[in-house]
Each structure stands twice: as C-alpha cells, then as structure tokens.
Amino acid sequence: MTTEENIPTKFEDLNLIPPLLQAVKRVGYKVASPIQAQLIPVAATGADVIGQAQTGTGKTAAYLIPFMNAWRGGDLKKPQAIVLAPTRELAIQVGEEAVKLSPSKHFRSAVIYGGAGFGLQNQQLAEGRTLIVGTPGRVLDHIGRGTLQLDKVKYLVLDEADRMLDIGFRPQIERILKTITRDRQTLLMSATLPADVLKLTERYMRNPVHVNVSPEVVTVDRIDQSYITVDEDRKTELLLKLLATDNPRQCIIFVERKRGCDNLARQLKRHKIRCAAIHGDLQQNMRERIMAAFRDGRISVLIATDVMSRGIDVSGISHIVNYDLPNDNENYVHRIGRTGRMGADGKAITFVMPDEGEVLTEIEMTINKIIPARIVEGFEAFRPKAPPKSDEPPKQSLPVYGRAGRKYSNRL
Ligand code: AMP
C-alpha cells in the first residue's frame, strides 16, 4: 500500500503471526497492497468491514489474512470461516490463495461449487475443514444434505457481493446466513456499492467500517487503451494482423455471443494460433482444464464471453481485445481489468464498428478518460459506399458529440 506519505506498508508492520509472515514471503508478496494495508488492521479489531475493491488488487489475501492471523486451531471438525463467491472460477482462485497462505498444516480448506461431483466435496467435509470457500447454490445443497454445518462459523466473507446479487443469489445468501450465528464477524467485498448491496450490509452487518481503495481508476489508468475502427466483415482479419504484430504473451479476446466465441476459435486455430473458447455452455471440468492450460501458458489466446470478464485472475495477461463491444459499459472496466494486474502494464484494444461511435463515447464517460484511436494500415473503416442510384446528393453521416462537445465524427 501507499500511505499518505507514499510509503508502502510492509507485512512486518501488520502484526502477523510468524507462520503467516513466512507464507507471505514464500508466496513472494513484498509489500502489502492498498486494500491489504487498510483492511487487515481494521478487520483485526473484530469489526465488520465493507471492502470496496476489485479482483486484481490483492483483496483475497486482504480478507483471508485477518482470519488466518487470529486462528488458533480449536475444533477442526467444523468450519470456522466461510467465503461465498459468485462463480466457480473465483471460488477456485480463493481456495488456491488460501492454500498458499495457510499458516499451519492443520489449517485446511475446501472449495465447494456446483457443476462438480459431490464425492470429493463430501469426503473433505467429512474429514473436517477450517475454511469453506463456496458458491451459494452448492453450499446450500450441502447444508440441505446435512454434509455441511455452519454453526461454528465466526468469520463470514461475501466476495463480489454486487456480482452475487446480479446473478440472483440473494435468496440463497439469505438462507445460508440464517444458519450462521449473529455473533460473527462479517466482511463484504464489492467493487461497487449499489442500493441492493447496501441493503445487504444493513441487514447482515453491525456498524461496518468502510474501506475503499477505489481500485478501478488505478487499475484502468495503468492500461494502455486504444480503439480501432473496423468494418464488421474484417474483424477477424484485423485480429490476425494484431496478433502477428503485437505478438501478445497472453491475450483474452472478448466476444458477445457463445456461438461467436466458438466460431472465432475455429478460425484462429486454422491459423495455428494456440487458443480456446470459454463460455457458460462448457462443462465445468472443461472450463477448468482450459483455465489451467491458459494459466500455465499452453494456450496463449482465450476467447471468452462476458462470463469471464469478472473475477478471473491470471497474472501475465498482456493484451485484452474487445472484439465486440460489451453490452454494459461497466463490463468494459471488468474486461480490461483482466490485464494490468497488481501494477503490471497491459494493453486493451477495442474494435469499434463505424456505427458504434456513441457506445465508445459512453464507455469513455464511464472511465472518465478519452481512448485514443489506433490506426492499422489497410483497415481504415471508411471504404467508399456505392454511389446512390438516384440524383439525390449522398446523405451526410451525422457527427456524434461526446463529453464537452468533443466531436467523434472520425468514428463514424
Ligand atoms: P486478488 O485481487 O485477490 O484476485 O489478487 C490478485 C493477484 O495478486 C493474485 O495473483 C495474488 O496472488 C496477488 N497478490 C495478492 N497480494 C499481493 C501482494 N501484496 N503483492 C503481490 N501480489 C499480490
């Protein structure tokens, strides 16, 4: 983190127990990230905390460390902490972080998510786990089957609470919370705090302290963003050219639809690009295999729908290509936030079709930043249209005006 004097906070200054300090060093974290430096001391007092932070800021360690630091063993049979996460991918990542930071071999966790069999999960729960990381649906399944009891839980984290509510997890969350004692510490992590999240904080938290590191601005600022105007029928050609010229180390290409995702993957494979499509229709084990291949570099290009735009943390992604514009401006931020992780630099390139100037302007207003145009020779999207058949003069395209009267006619 950087304090007011811009001095990073050392983990040594956070009153961590020696095994946790060693784990942090072993994992290679040199200094605490801003959310860690701010959240860990507050949570250490036992207060409920609302942590406003996105994935990529070190938020997972920020909420795991206070529990691990205060943990002193005890009854190892029943879980003492639970993290609820909106997606399986995020749950898996949180589980991995918990393993990395684990302060003792007796501190064990289980990741509980849908789409996977019950066998291993049942076995782990029967053995006993200190920490459960799970998606709400499957956690509730286990509670219903009697394989999971949360009556010993004293530490609860709702991760990406805004996303969980978006997905419609509110009823499940409420049912889970009813099985956990009120005498607990609750941490709620959310990139944004819309009214429904605030309602959740009022219902389930006690005098929460708000910790805000406004990460989106920071994250987005480090990313070299540009857009390229392109005709629809030339997007793939342009993409191939970009992949050849920019030679990304690792790249995620966002497309709008699942079918488009599969089609594009087929076309890229024909050009010998090591890629895979990933979207909500794929079986969970397939998604995991693809993510593992992407993480360890066997695949360098991932073609994804917006399902993947949040929560996924793969360090080393050098490029994001918005092959199709996102439907929701906020998703632009989530998509490009997959690069530029933990202070690394990344590039985000957005394809804009000639009639999409206004959408681009809206995105710029969302991020409060002008995205510069990138010119790729041979791809100017101003190919002359066939002359009108009548004697009427050709219609002029209307310029679009963005913030402060800026003229976007070059985007039409
Ligand atoms: P998160 O926001 O929790 O998804 O974390 C993003 C990435 O940053 C993960 O790969 C973490 O392992 C890594 N990370 C977390 N804390 C630190 C830190 N203090 N220094 C460097 N990397 C970190």
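In the block above lies the structure referred to throughout.
The paragraphs below set out a description of the structure included in this document. (Residues numbered from 1 in each chain as written. Predicted model: local features only at pLDDT ≥ 70, side-chain atom pairs only at ≥ 80, totals over all residues. Heavy atoms only, no water.)

1. Examining a negative patch on the surface
Next, step 1: A contiguous patch of negative charge on the surface is contributed by D166, D196, D328 and E330.
Next, step 2: Mapped onto the secondary structure, D166 falls in helix α7 (residues 161-167).
Next, step 3: Given a relative accessible area of 53%, D166 falls into the exposed group. (Patch = residues over 30% accessible without salt bridge, like charges linked within 9 Å, V, L, I, M, F, W, Y side chains within 5 Å. Areas by Shrake-Rupley, 256 points an atom, 1.4 Å probe, with all protein chains shown as cover. Salt bridge = Lys/Arg side-chain N within 4 Å of Asp/Glu carboxyl O. Lys, Arg positive; Asp, Glu negative; His and termini not counted. Charge placed at Lys NZ, Arg CZ, Asp CG, Glu CD. Helix = DSSP H or I, 4+ residues; strand = E, 2+ residues; numbered from the N terminus. Buried < 20%, exposed > 50% of the residue type's maximum accessible area, 1.4 Å probe, protein only.)

2. Some remarks on the environment of E377
Next, step 1: Relative to the helices and strands, E377 is located in the segment after α15 (357-367).
Next, step 2: Residues E377 and L238, spaced 139 residues apart in sequence, show a C-alpha to C-alpha distance of 9.9 Å.

3. Structural notes on the site of the ligand
Next, step 1: Residues in close proximity to the ligand total 15 residues, the closest being Y29, Q36, G56, G58 and T60.
Next, step 2: A distance of 2.8 Å separates a nitrogen atom of the ligand from a polar backbone atom of V31.
Next, step 3: Within the contact set of the ligand, a nitrogen atom lies 2.7 Å away from a side-chain nitrogen or oxygen of Q36.
Next, step 4: Within the complex, 86% of the 500 Å² of free accessible area of the ligand lies under protein.
Next, step 5: Counting residues per element, the ones that place at least two in the shell around the ligand are α3 (59-70) and α4 (88-101).
Next, step 6: Class assignment of the residues belonging to the shell around the ligand gives a composition of four nonpolar, seven polar and four charged. (Near = heavy atom within 4 Å. Polar contact = N/O pair within 3.5 Å; in protein donor to acceptor, adjacent residues only side chain to side chain. Nonpolar A, V, L, I, M, F, W, Y, C, P; charged D, E, K, R; others polar.)

4. Regarding the sheet that holds strand β10 (residues 275-278)
Next, step 1: As summarised here, the arrangement of the six strands in space is β8-β13-β12-β9-β11-β10, forming an open sheet in which the pairing is parallel. Of all the strands in the sheet, the pair left with one neighbour each is β8 (223-229) and β10. Across this sheet, the average inter-strand angle for adjacent strands is 20°, counted without regard to direction.
Next, step 2: The pairing of β8 with strand β13 (residues 346-352) spans seven bridges and is parallel. Following the sheet pairing, I223 is matched in β13 by G346.
Next, step 3: Sheet contacts for helix α11 (residues 235-246): β8, β9 (251-254), β11 (301-304), β12 (319-322) and β13; angle to β13, the most-contacted strand, approximately 160°.
Next, step 4: Along the sheet face, helix α13 (residues 284-295) touches β9, β10 and β11 and points at about 140° away from the line of β10. (Pairing = 2+ DSSP bridges. Axes fitted to C-alpha atoms, helices over the stretch in contact; angles between N-to-C directions. Contact = heavy atoms within 4.5 Å.)

5. Regarding helix α2 (residues 34-44)
Next, step 1: Listed in full, the buried residues belonging to α2 are I35, Q36, A37, L39, I40, V42 and A43.
Next, step 2: The inward-facing, buried residues of α2 abut β1 (49-52), α3, β6 (185-190) and β7 (209-212).
Next, step 3: Backbone geometry just after α2 places G46 at a positive phi near 90°.

6. What about the nonpolar core?
Buried together is how nonpolar side chains tend to be arranged in soluble globular proteins.
Next, step 1: Residues I35, L39, Y63, I65, V83, L131 and L187 are the most contacted members of the largest nonpolar core, which totals 39 residues.
Next, step 2: If you list the elements that add at least two residues to this core, you get α1 (18-27), α2, α3, β2 (81-84), α4, β4 (131-134), β5 (155-158) and β6.
Next, step 3: For L187, the contacting residues outside a window of four places in its chain are L39, A43, V49, Y63, Y155, L156, V157, L158 and M205.
Next, step 4: Grouped together as the second largest cluster of nonpolar side chains are 27 residues, I132, L150, L177 and V197 included. (Core = buried A, V, L, I, M, F, W, Y, C linked by side-chain atoms within 4.5 Å.)

7. With respect to the environment of T147
Next, step 1: Note on placement: T147 falls in the loop between α6 (136-145) and β5.
Next, step 2: Given the relative accessible area of 28%, T147 is considered partly exposed.
Next, step 3: Considering only alpha carbons, one finds T147 and L125, 22 residues apart in sequence, at a separation of 6.7 Å.
Next, step 4: Apart from the residues lying within four places of it in its own chain, the contact partners of T147 are N122, L125 and H142.
Next, step 5: Polar side-chain contacts of T147 include one of 2.8 Å to the side chain of H142.

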